[in-house]
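Topology and contacts: notes
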Amino acid sequence: MRYAVIADVDGTLLRSAEDDDRLYRQAVERVLGEVRFRAHLGAYEQVTDSGILLQVAEDNGLRPSPALIADVQDAFVRLVAEHIERHGPFEPLPGARRFVARLKGSASAEIAIATGGWRRSAELKLRAAGFDTDGVPIVTSDDAIERTDIMRIALDSLPGRFDCVMYYGDGYWDRQASRRLGWHFRAVGPTLKGIDTFDAEFAG
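Okay, so let's go over this structure. Computed from a predicted model, the values in this text were never measured in an experiment.

Another aspect to go through is the pairing of strand 4 (residues 164-169). Regular strands have side chains that alternate between both faces of the sheet. Within strand 4, five of the six residues are buried, leaving the element largely enclosed by the surrounding structure. Pairing between strand 1 (residues 3-7) and strand 4: five bridges, direction parallel. Among the inter-strand pairings, Tyr3 is bridged to a residue of strand 4, identified as Cys164. Relative to strand 5 (residues 184-187), strand 4 runs parallel, the two being bridged by four bridges.

Note on aromatic pairs: each is described by the distance of the centres and the angle between the planes. Scanning the model with the defined rule gives eight aromatic pairs in all. Aromatic side chains Phe76 and Trp118 sit 6.1 Å apart centroid to centroid with 70° between the ring planes, which places their arrangement in the edge-to-face category. Taken together, the residues span a long stretch of sequence, with Phe76 in helix 3 (residues 66-87) and Trp118 in the loop between strand 2 (109-114) and helix 5 (119-128) at a distance of 42 residues. In this structure an aromatic cluster arises from ring pairing among Tyr24, Phe76 and Trp118. The lysine or arginine in question, Arg25, covers the ring of Phe37, its NZ or CZ lying 4.8 Å from the ring centre.

What counts, and at which threshold
- Residues numbered from 1 in each chain as written.
- Predicted model: local features only at pLDDT ≥ 70, side-chain atom pairs only at ≥ 80, totals over all residues.
- Heavy atoms only, no water.
- Buried < 20%, exposed > 50% of the residue type's maximum accessible area, 1.4 Å probe, protein only.
- Helix = DSSP H or I, 4+ residues; strand = E, 2+ residues; numbered from the N terminus.
- Pairing = 2+ DSSP bridges.
- Phe/Tyr/Trp six-rings, centres within 6.5 Å; stacked < 30°, edge-to-face > 60°.
- Lys NZ or Arg CZ within 6 Å of the ring centre and 35° of its normal.

Written out as structure tokens, the structure is:
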């Protein structure tokens with residue numbers, strides 16, 4: 001059996017989802033001013049940084065130019081960097097770094113990262129938290145707006161064919177996307193009553 005393992009970042013590999021949401025909203029408001037957000041992330045059709053920004057702009061009667069989107073990304077990366085400098089790296093879930101390392105060294109599996117976040121912020125958070133992602137494809141909402149497209153691109157970035165594709169995620173949008181793609185889904189964290197450690201995951 002050959003396995004493809006695709007993992008989310010915020011709330012999955014890192015305990016960063018709550019802070020990430022707060023910093024993202026701050027970045028949007030720094031650039032767009034005081035705007036209306038929907039009640040929760042699940043209220044957006046595309047729960048990715050790019051998708052949410054487009055929908056926030058639409059909800060508030062704004063037209064997001066490429067320059068405006070770049071300004072929001074820059075503001076967000078600065079806020080994430082400031083948060084890490086002030087509070088330290090985001091905490092990995094127990095065993096998450098070993099999990100990635102095991103998969104990188106596996107003869108029967110390949111790993112990629114597929115996150116709804118933007119590339120610069122995702123790489124910054126993972127690097128600060130001590131993850132070794134050299135050689136690991138990282139696909140983000142810089143590459144696509146829809147989560148299923150991000151996940152599909154991540155799978156396509158891995159060499160060879162696979163008998164099983166497993167996605168690790170913490171949100172019900174992750175579970176829905178996995179179902180649409182016909183992938184196996186492994187819930188992480190309390191929202192979906194998932195695992196709270198990676199120590200027992202993929203020992204092969």
